[in-house]
Amino acid sequence: MRTPVIAGNWKMNKGPKEAAELIEELKPLVQDARATVVVCVPAVDFSAAREALAGSQIKLGAQNVHYMPSGAFTGELSAGMLKEAGVEYVIIGHSERRQYFGETDETVNLRVKAAVEAGLVPIICVGEKKEQREAGYTNALVTYQTLIALSGLTAQQVGQVIIAYEPVWAIGTGLTATDEQANETIGVIRQAVRAAYGQQAADQVRIQYGGSMNPKNVRGLMAQSEIDGGLIGGASLKAADFAQVVHFE
Ligand code: 13P
């Protein structure tokens with residue numbers, strides 16, 4: 001009942017020329033996909049990417065957004081600017097932004113609200129570090145991260161967002177959560193949404209898995225009842241690999 005969503009997070013890879021080339025290569029490979037397909041590209045690529053994406057079903061995404069509409073915030077981009085540039089989705093609170101750029105649950109929440117108000121679909125990242133999993137904090141942590149991130153949204157708005165469960169220890173490491181671990185933790189996130197926003201929001205909200213997802217492990221992960229898609233790093237930089245993830249069925 002939920003349409004799966006497969007999103008590529010290109011991170012700090014590929015300038016405008018390579019972005020256009022990758023999208024041109026990808027387009028024919030995913031044109032009949034059942035899943036929603038998104039590419040979250042570096043901001044300097046928006047224009048080239050939008051041109052290359054014309055006439056395709058692939059959606060354009062960004063990797064961050066500031067929470068203020070304008071002003072003295074050197075180097076930042078507002079939700080309105082992203083919207084005007086043709087962006088429809090935006091990753092918020094990626095663990096790399098939390099780790100290297102001081103992102104907190106509170107600023108994640110401000111960004112989520114700004115994105116939703118501007119009509120962007122946020123892809124909100126949550127997930128535990130290795131030592132937090134080992135200490136048994138995973139469920140409490142992802143519940144807390146999720147509830148803070150969504151705070152102030154209506155149940156209807158919550159039903160439209162995307163959440164990405166990305167265990168930090170699985171990102172770029174080649175380690176993947178087992179199908180059962182990913183399904184269980186995503187179930188915990190959905191239960192948090194249910195408790196706070198009701199059954200309908202919990203049934204609608206799409207929750208992805210992210211962390212070393214690739215053509216080999218996508219089928220097992222996507223066969224799990226709670227997993228509605230993937231946020232793909234490394235494997236999204238090669239058209240053939242990303243297309244195989246998109247066609248997981
Ligand atoms: P990898 O797929 O490279 O592990 O990256 C996952 C990720 O961080 C997606 O946002």
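Everything quoted here is computed from the prediction, not taken from an experiment.

Thresholds applied
- Residues numbered from 1 in each chain as written.
- Predicted model: local features only at pLDDT ≥ 70, side-chain atom pairs only at ≥ 80, totals over all residues.
- Heavy atoms only, no water.
- Helix = DSSP H or I, 4+ residues; strand = E, 2+ residues; numbered from the N terminus.
- Rg over C-alpha atoms; globule rule 2.2 N^0.38 Å.
- Buried < 20%, exposed > 50% of the residue type's maximum accessible area, 1.4 Å probe, protein only.
- Near = heavy atom within 4 Å.
- Polar contact = N/O pair within 3.5 Å; in protein donor to acceptor, adjacent residues only side chain to side chain.
- Areas by Shrake-Rupley, 256 points an atom, 1.4 Å probe, with all protein chains shown as cover.
- Pairing = 2+ DSSP bridges.
- Right-handed = clockwise from strand over helix to strand, strands pointing away.
- Phe/Tyr/Trp six-rings, centres within 6.5 Å; stacked < 30°, edge-to-face > 60°.
- Lys NZ or Arg CZ within 6 Å of the ring centre and 35° of its normal.
- Axes fitted to C-alpha atoms, helices over the stretch in contact; angles between N-to-C directions.
- Contact = heavy atoms within 4.5 Å.
- Parallel < 35°, antiparallel > 145°, perpendicular 65-115°, else oblique.
- Left-handed = near helix turned anticlockwise from the far one by under 90°.
- Nonpolar A, V, L, I, M, F, W, Y, C, P; charged D, E, K, R; others polar.

Counting its secondary structure elements, the protein contains 12 helices and 8 strands. The C-alpha radius of gyration computed for the protein amounts to 17 Å, which stays within 12% of the reference 18 Å derived for 249 residues, consistent with globular compactness. Each principal axis of the C-alpha distribution contributes one length, and for the protein these read about 45 × 45 × 35 Å. A total of 249 residues make up the protein; the buried ones form 51% of that total.

A few words on the site of the ligand. In the region of the ligand, the neighbouring residues are N9, K11, H94, E166, A170, I171, G172, G211, S212, L231, G233 and G234. For the ligand, an oxygen atom lies 2.6 Å from a polar atom in the backbone of G172. At a separation of 2.8 Å, an oxygen atom of the ligand approaches a polar backbone atom of S212. In the complex, the protein chains occlude 94% of the 310 Å² of accessible area that the ligand would expose alone.

Turning our attention to the pairing of strand β3 (residues 59-62). Relative to β3, strand β2 (residues 36-40) is paired through 3 bridges, and the arrangement is parallel. By the bridge assignment for β3, V39 is matched with L60. A crossover links β2 with its parallel partner β3, the connecting element being helix α2 (residues 46-53), and its sense is right-handed. The sheet contact formed by β3 and strand β4 (residues 89-92) spans 2 bridges and is parallel. Looking at β4, one finds that G61 is bridged to Y89.

Below, the discussion takes up the packing of aromatic side chains. Overall, the coordinates contain 2 aromatic pairs when judged by the stated rule. Taking the centre distance of 6.4 Å and the plane angle of 85° together, the rings of Y100 and F101 count as edge-to-face. The same class applies to Y100 as to F101, namely exposed. A cation over a ring is seen here: R97 above F101, with NZ or CZ 4.2 Å from the ring centre.

Taking strand neighbours around the barrel as the criterion, the 8 strands line up as β1-β2-β3-β4-β5-β6-β7-β8 in a closed arrangement whose pairing is parallel. Across this sheet, the average inter-strand angle for adjacent strands is 25°, counted without regard to direction. Across the sheet, helix α12 (residues 239-246) touches β1 (5-9), β2 and β8 (229-232), and the angle it forms with β1 is around 155°.

Relative to the helices and strands, K27 is located in helix α1 (residues 16-30). Look at K27 and you get buried, because its relative accessible area is 19%. Among the polar contacts made by the side chain of K27, one reaches the main-chain carbonyl oxygen of A52 at a distance of 2.6 Å. The contacts of K27, once residues within four sequence positions are left out, are A52, L53, A54, S56 and I58.

Attention shifts here to the environment of L153. Structurally, L153 is set in the loop between α7 (138-150) and α8 (155-160). A residue is classified by how much of its surface remains accessible, and L153, at 8% relative accessible area, is buried. When the C-alpha positions of L153 and V90 are compared, they lie 16 Å apart, and in sequence the two are 63 residues distant. Not counting residues up to four positions away in its chain, the partners in contact with L153 are V112, K113, V116, V158, V161 and Y197.

Attention shifts here to the packing of α1 against α2. The geometry of α1 relative to α2 is characterised by a closest axis approach of 8 Å and an angle of 20° between their N-to-C directions. Relative to α2, the element α1 lies roughly parallel. The hand of the α1/α2 crossing is right-handed. On α2, the residues that touch P16, A20, I23, E24 and K27 of α1 are A48, A49, A52 and L53. Split by residue class, the contact of α1 with α2 holds 7 nonpolar, no polar and 2 charged.

Look at K11: it is not a glycine, yet its phi comes out positive at around 55°. Note on placement: K11 falls in the loop between β1 and α1. Even without glycine at this site, K14 takes up a positive phi of about 80°. By secondary structure assignment, the location of K14 is in the loop between β1 and α1. A residue is classified by how much of its surface remains accessible, and K14, at 25% relative accessible area, is partly exposed.

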